[in-house]
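Structural characterization, general
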Amino acid sequence: MLRIDMNPTHTFGEFKLRHGTPLPFGATIVPGGINFSVFSRHASSCELALFRKHEEKPFVIIPFISEENDYHFVIGNVFTIIVFDLPYEEIEYAYRMDGSNDKARGFCFDKTKYLLDPYAKLIGGRDIWKQQPDWSNEYQHRSRVVFDDFDWKNDKPLEIPFEDLVIYEMHVRSFTAHESSKVKGGSRGTFAAIREKIPYLKELGINCVELLPIHEFDEFENSKLNPTNPNELLVNYWGYSTVGFFAPKAGYAATGKFGMQVDEFKKLISDLHANKIEVILDVVFNHTAEGNEKGSYISFRGIDNSTYYLLTPEGYYYNFSGTGNTMNCNNPIVRNMILDCLRYWVSEYHIDGFRFDLAAILSRDEKGAPMANPPLLESLAYDPILGKCKLIAEAWDAGGLYQVGSFPSWGRWAEWNGKFRDDIRKFITGGSGMVGAIAQRIQGSPDLYHWRSPTASVNFVTCHDGFTLMDLFSYNDKKNEANGENNNDGDNNNHSWNCGWEGESSDESVNFLRKKQVKNVFTLLLLCRGVPMILSGDEMGHTQFGNNNAYCQDNEISWLNWNDLEKNSELFQYTKKMIGFRHDHPVLRHNKFFHNRDYMNTGYPDISWHGTQAWNADWGDGSRTLAFLLDGKHAKEGTIEDNYIYVAINMHWDSHVFQIPQLPEGLKWYVAANTDMPEGSDIFASGEEPIIEQQFNFMVGSRSMIILVGK
Amino acid sequence: MDIKIKEQAGVFIVTLIGNLDSVSSADVQEVVLEKITVGVKMVFDMRLCEFISSAGLRVLLIIAKRIKIDNAFAAMSGLSDEILEVMAMTGFDEMFDNYQTVDEAINSLV
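Residue numbers here run from 1 along each chain, matching the order of that chain's written sequence. The lettering of chains begins at A and the numbering of ligands begins at 1, in the order of writing. Residues qualify for local features only when their pLDDT is at least 70, as the model is predicted, and side-chain atom pairs are given and counted only at 80 or more; totals for whole chains, interfaces and linings, by contrast, use all residues.

1. Topic: the overall build of chain B
The criterion, for reference: To qualify as a helix, a DSSP run of H or I must reach at least 4 residues; to qualify as a strand, a run of E must reach at least 2; elements of each kind are numbered from the N terminus. For the radius of gyration, the atom set is restricted to C-alpha positions; the globular benchmark scales as 2.2 Å times the number of residues to the power 0.38. Whether a residue is buried, exposed or partly exposed is read from the other C-beta atoms within 10 Å of its own C-beta, which are placed from the backbone; 20 or more gives buried, 12 or fewer gives exposed, and intermediate counts give partly exposed.
Scanning chain B from N- to C-terminus turns up four helices and six strands. Secondary structure of chain B in N-to-C order comes out as β-β-α-β-β-α-β-α-β-α. In terms of overall dimensions, chain B is globule-like: its C-alpha atoms have a radius of gyration of 12 Å, near the 13 Å expected for 110 residues. The buried share among the 110 residues of chain B stands at 42%.

2. Remarks on the overall build of chain A
Selection criterion: A pair of residues counts as a contact when their C-beta atoms, built from backbone coordinates, are within 7 Å of each other.
The helix and strand inventory of chain A stands at 15 helices and 32 strands. Relative to a compact globule of 711 residues, whose C-alpha radius of gyration would be 27 Å, chain A shows 27 Å and is just as compact. A principal-axis box enclosing the C-alpha atoms of chain A has dimensions of 95 × 55 × 50 Å. Buried positions account for 55% of the 711 residues belonging to chain A. For chain A, the share of sequence-separated contacts (at least 6 apart) that also reach a separation of at least 24 residues comes to 71%.

3. A closer look at the interface of chain B and chain A
Using the following cut-off: Amino acid classes used here: Ala, Val, Leu, Ile, Met, Phe, Trp, Tyr, Cys and Pro are nonpolar; Asp, Glu, Lys and Arg are charged; the rest, including Gly, are polar.
If you look at the interface, chain B gives 12 residues, while chain A gives 18 residues. Of all the secondary-structure elements, those providing two or more residues to the side of chain B that touches chain A are helix H2 (54-69) and helix H3 (81-90) of chain B. The element contributing the most residues to the side of chain B that touches chain A is H2(B), with four residues. A per-class count over the side of chain B that touches chain A returns five nonpolar, five polar and two charged.

4. Some points on unusual backbone geometry
Residues and elements named next belong to chain A. Cis geometry marks the peptide bond from Leu-23 to Pro-24; its omega dihedral reads -5 degrees. We note that Leu-358 has phi near 40 degrees; this positive angle belongs to a residue other than glycine. With respect to the helices and strands, Leu-358 occurs in the loop between strand S21 (353-356) and helix H7 (375-382). With 24 C-beta atoms packed within 10 Å, Leu-358 lands in the buried category.

5. Topic: the sheet that holds strand S14 (residues 167-170) of chain A
Residue and element names in this part refer to chain A. Defined as follows: What makes two strands pair is DSSP finding at least two bridges between them. A fitted line through C-alpha atoms represents every axis, and for helices the fit uses only the stretch in contact; the resulting angles, taken between N-to-C directions, go from 0 to 180 degrees.
Read around the closed barrel, eight strands run S14-S15-S20-S21-S22-S23-S24-S25, paired in parallel fashion. Pairwise comparison of adjacent strand axes, ignoring direction, gives a mean angle of 30 degrees for this sheet. Two elements, strand S23 (residues 413-416) and strand S24 (residues 457-459), share two bridges in a ladder whose sense is parallel. From the neighbouring strand, Trp-416 faces S24, where its bridge partner is Val-458.

6. Thoughts on the sheet that holds strand S32 (residues 704-710) of chain A
Residue and element names in this part refer to chain A. In spatial order, the strands read S26-S27-S28-S32-S30; together these five strands make up an open sheet with antiparallel pairing. Both outer strands of the open sheet, strand S26 (607-610) and strand S30 (669-674), are each paired with one neighbouring strand and no more. If you compare each strand with its neighbour and ignore which way they point, the axes differ by 20 degrees on average.

7. Examining the nonpolar core
Residue and element names in this part refer to chain A. Put simply, the rule reads: By our criterion, buried Ala, Val, Leu, Ile, Met, Phe, Trp, Tyr and Cys residues that link up through C-beta atoms within 7 Å make up a nonpolar core. The domain boundaries here were taken from an automatic or database domain assignment.
Tyr-646, Val-647 and Ala-648 are the most contacted members of the largest nonpolar core, which totals 240 residues. Both of domain 1 (10-144) and domain 2 (162-417 + 446-494 + 531-576) provide at least three residues apiece to this core. Sequence-distant contacts of Val-647, that is, excluding residues within four places in its chain, are made with Leu-527, Ala-627, Phe-628, Met-705 and Ile-707.

8. A word on H2(B)
Filter applied, for reference: Given a helix with a known number of residues, its expected span is that number minus one, times 1.5 Å.
Compared with the 22 Å implied by 1.5 Å per residue over 16 residues, the 23 Å span of H2(B) between its first and last C-alpha is a close match. Looking only at H2(B), the buried set comprises Ser54(B), Ala55(B), Gly56(B), Leu57(B), Arg58(B), Val59(B), Leu60(B), Ile63(B) and Ile67(B). On its buried side, H2(B) packs onto helix H4 (261-274) of chain A together with strand S2 (11-20), helix H1 (25-35), strand S4 (49-52), strand S5 (73-77) and H3 of chain B. Looking one or two places after H2(B), you find Asn71(B), whose phi comes out positive at around 50 degrees.

9. Some remarks on the packing of helix H6 (residues 332-349) of chain A against H7(A)
Any two packed helices are characterised by how steeply their axes cross, that is the angle between the axes, and by the distance between the axes. All names here are of chain A. The test is simple: For classification purposes, an angle smaller than 35 degrees is called roughly parallel, one larger than 145 roughly antiparallel, one from 65 to 115 roughly perpendicular, and anything else oblique. Less than a right angle of anticlockwise turn of the near helix away from the far helix marks a crossing as left-handed, whereas a clockwise turn marks it as right-handed.
Where H6 contacts H7, the axes come no closer than 10 Å and their chain directions differ by 25 degrees. By the angle between their directions, the pair H6 and H7 is classed as roughly parallel. Note on packing geometry: the crossing formed by H6 with H7 is right-handed. Residues Arg-335, Ile-338, Leu-339 and Leu-342 of H6 pack against Pro-375, Leu-376, Ser-379 and Leu-380 of H7.

10. What about the domain arrangement of chain A?
Residue and element names in this part refer to chain A. When its domains are assigned, chain A resolves into domain 1 (10-144) and domain 2 (162-417 + 446-494 + 531-576). Taken together, the 35 residues of domain 1 in the interface contact 33 residues of domain 2. Elements that contribute at least two residues to the side of domain 1 that touches domain 2 include exactly strand S4 (33-39), strand S11 (91-98) and strand S12 (122-124). The element best represented in the side of domain 1 that touches domain 2 is S12, accounting for three residues. A class-by-class count of the residues in the side of domain 1 that touches domain 2 yields 19 nonpolar, five polar and 11 charged.

11. Re H4(A)
Residue and element names in this part refer to chain A. Under the 1.5 Å per step criterion, the end-to-end length of H4 is 20 Å for 14 residues, consistent within 8% with the ideal 20 Å. The element H4 is largely enclosed, with a buried count of 11 among its 14 residues. Just downstream of H4 lies Lys-276, where phi reads positive at about 65 degrees.

As structure tokens, this is what we get:
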């Protein structure tokens, strides 16, 4: 059906125009033309600059208000215009805004600056990863127009229950950039390359990938030469500094040079879904790439500085993010932009969830003070389009706000459980006084989330931030010299232990212990109630050579070396089988806490605690041993029947004999895992567990864990 | 882009020369869709097509869907390796079978 308002009403030179529609914001293809719409509360005027792709100067600059041409294309605080007959793939566009430059009042309009559209869905300028741009070009990050259609065929939301998720945290480049990944030469380190590795992810058994930021960012931001290798550039590798929230990173697409990153990323998501793997995006709404007062004009600063940023009464940027500026997240305009953005990724890209970087900032008001009921977080929790989305908060910020266990959740938000990470590390490296805390972590951290659910706790021991798992047991101290900050960057409080030698070792006993410790972590992580998250590469013993803050390292420090898969095959096999163990045993996965009692009248509590003596756990400060028994008849509140599972943990440096609780008549104990054993007899797939001869006691090696299955 | 269509033994041979992009895709769509009727056979000669943009791939997909709806038949020939790779990476590789030559493509439809 033809529209009666599809013809131009005005002209500007040779360009045919019409009043636009304010919603949706951004550039939208409409019959015959493109609708441009941008908000600014404080700009006095606005112009639309149109460029031919890659060209430095615009071919036309069209004002939104023109007395000469008798038009006024503004509604409220929104500038909106339809320009007809534009070849949408051949152009780039920018806005120029005029207004006050009174910095003390938070205004810094500069009508000479070409500004990226905050709603740009495709961004040019960094089309190929790390390819030097033309720095003389005034317009670096360039809004482009995308046609939002994709043939999703039969893609359905997976909606995997949170408690069944095993998350794999992955950096798009790190995963396949190394030549050992053996993906097609031109596509290493891209979305397309991840598709080639889907069979690997399936074999490992994870069912969710969490991607480090894939929103358009500038890898050259704060780039500098590597002090330890002057031929190498240190870059903004992780990308925690967003240029555009609606656009996928062009440099992460093998087809980015053709501007086809949208399709390439959607195809990846579609294929992951077809393989029952969900996709969570790491999103960074706490700040932008525009930096502080000395930063550049990219977008928000020139469009409406005082709306988008938290400013001091003197007009300076608050720096709760540690990166120069802080987004004004609870301002109604910014809040709506964030909501629009997340809705866009869910509806257009079929994204399954989000992890919010430094999410505590999202709970600060316009003066920076924490709020009890932050409207942004509430909006996200209740939003209809995000209704089935996983929402995960990194519940702290760089301004000292720490909300693990208290992040406003409305029953919807989960958190990265930083306490889980610290407690498990302390315990496994032999720390004393940890047994009580570990019992809480095993149960899904009811001490933190008792009024919520174990699924509020995303359990992890390693993530992109900090040591890799192998490095956690290879280094006492971080080795960040290559970052060029005199080893002053990165966390000093790692709770790591080098197992007797700092760094790489040829000592077999040291290496055996390190691998055992890695297996201990995977064992505990995958047994605990909550949602386990694994750092990509840990399953093959990836090392960053002691670097615990590889944010700038686009090289072998960060890249997975796929030869490790062969070298450390026993770690891969162990991790895979341990993930399999979790999937096989519903008693491990539940969205409710244990009751610590026998509410099914089976003769056993749902969870019971033991020590070297059955039914008698040693909760003392000096204790480094703990055992627990899960009664399979209580699985998922008794709605599913599972085996009995007994786990004995000995983090003491000597081996100990554990007395095993007795099973009901007719059942026997079988060994599912024993981290003290060499490859081949350390873990057994379901159905292949050997029976134990002596059903009453088990000698658990030093710094070792065992899992027994009663059936 | 130059669009040439000829009929050869009951098969439309569509030759696309140049860039199939947002400038040319509307024309290609119009000219080709006009020729699609129930049971029609069509071969795209892509030897001289230098580049297919996102808009171009969309037009090909629209054509492919129409071919399916009309129980018609189509194949491609002579796509360059680079274009084939881009099509695979963006998920547009299941629209048509591609053959080295026009004749092979015609034979595939018989």
